Amino acid sequence: MNRVKAYLELIRYPLFGIPIVATLPGALIASEGQWTWRVAAALVIAMFGYFAGMIKNDYFHRETDVVTNPDRPLPSLRLTPKQALVPASIIYALCVICGFLLSIKAGLLVMALVAISHLYNAFFKAQGILGSLTLPLGIGLLNVFGALVVTGSIPRLVWYAFGATTLYDLGTHITTTFKDITRDQKQGITTTPVQLGIKPALILSAASTISAFVVALLPYWLEDSLIHKTYILWIILGVLATIITRIPLFMQPNEKNGYYALKGSMIGSILFFPCLFGTQVPLVVSMAVILPLLLVTMLLLKTTRQEV
């Protein structure tokens, strides 16, 4: 049981909903709102690939975690580096195989996503703005992956979802690096606030987040009347969750408020990432998907003792 608990900590289980909501729009837009086995397959592959990336993150940063996060499974010696590297690599390989079984395009994109994850964890995470750009690109591409799994093509609405998700996650990534800013500075780790400065980093984060909301609203103005325009409810709720939890960080940029912004961004992501699949289904259906994910995420963030 102790080893199981250690693996759960490695994969950051409270964040399980993020890859799901990042993949849902592409999959359900491509399927025109139909829940098929291919939609389910896309979600499962995305979730396990995300978990593998979290494990690789701890593997590559186990030496600095000895100082900054000594309670994590690897620096606390509850797991060995091999016990992290092997399962993560196996999961990545299985995701690639499953991607190719579904379609050639999906398999190639899974390979690209694995490469993005590896580059971020091994090289770019501590490279300031480069790291802040790399990870959101991978999260945004999950929309494209979902569409490719379902139909092998990418509808125009999926590109709106890709842009909105990438931009929002860029803003999120920048703000959440504040939760470790003091420790990062002591360890010589270059994050975006350390590289650009606190005020420019916050301005960039705000600009990126606002742009994400604008992109998500474009279908409301530009697309035909056949889409369900009630999807903007999720944009509004995402805006509120983001503003409420980021105001303290903008007023006082410190680690405590950075961690508060992180939790708020997780809630905002659950509300906002999947918003565009609401163009294809009635509001009651999107509520039946988003609200349970939101409630479980909030419960896990509240009850877990680990730092996500």
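Refer to the structure presented above.
Predicted model only: the values in this text are computed from it and were never measured. Every residue gets a number counted from 1 within its own chain, in the order that chain's sequence is written. Where local features are concerned, this predicted model is filtered to residues with pLDDT of at least 70; where side-chain atom pairs are given and counted, the filter is 80 or more; whole-chain, interface and lining totals use all residues. Neither water nor hydrogens contribute to the side-chain values; these are computed over all heavy atoms in the structure.

Caption draft 1: The pattern of salt bridges, seen in detail. The term salt bridge refers to a side-chain nitrogen of Lys or Arg lying within 4 Å of a carboxyl oxygen of Asp or Glu. This model, assessed by the stated rule, comprises five salt bridges. Among the ionic pairs, Arg12 bridges to Asp58, the shortest N-O distance being 2.8 Å. Here Arg12 is found in the loop between helix 1 (2-10) and helix 2 (17-30), whereas its partner Asp58 is found in helix 3 (residues 37-60), with 46 residues between them in sequence. What you see here is one network of salt bridges that share partners, running through Arg12, Asp58, Asp65 and Arg72. Helix numbers and strand numbers start at the N terminus; a helix is a DSSP run of H or I with at least 4 residues, a strand a run of E with at least 2.

Caption draft 2: Main features of the packing of aromatic side chains. Classification of ring pairs uses Phe, Tyr and Trp, with its six-membered ring standing for Trp, and accepts pairs whose centres are within 6.5 Å; under 30 degrees between planes counts as stacked, over 60 as edge-to-face, and the remaining range as tilted. Under the definition given, this model contains seven aromatic pairs. Plain terms: the ring middles of Phe213 and Phe272 are 4.9 Å apart, the flat faces sit at 75° to each other, and that makes the pair edge-to-face. One end of the pair, Phe213, is in helix 11 (residues 198-222); the other, Phe272, is in helix 13 (residues 255-272), and 59 residues separate them in sequence. Residue class for Phe272 comes out buried when judged on its relative accessible area of 1%. Taking the ring centre of Tyr220 as reference, the NZ or CZ of Lys229 above it sits at 5.1 Å. For a lysine, the NZ atom is tested; for an arginine, the CZ atom; a charge sits over a ring if that atom is within 6 Å of the ring centre and within 35 degrees of the ring normal. We note Arg246 situated over the ring of Tyr168; from NZ or CZ to the ring centre the distance is 5.5 Å. Burial here depends on accessible area, computed with a 1.4 Å probe over protein chains only, as a share of the maximum for the residue type. Under 20% is buried, over 50% is exposed, and the range in between is partly exposed.

Caption draft 3: Layout of unusual backbone geometry. For Arg12, which is not glycine, the phi torsion reads 55° and is therefore positive. Take Arg12: its relative accessible area is 3%, and that puts it in the buried class. A positive phi is found at Leu77, a non-glycine position, where the angle reads about 65°. Along the chain, Leu77 turns up in the loop between helix 4 (62-68) and helix 5 (81-102). Residue Leu77 is classed as exposed on the basis of its relative accessible area, which comes to 73%.

Note that all results are geometric; they support no functional claim without further evidence.
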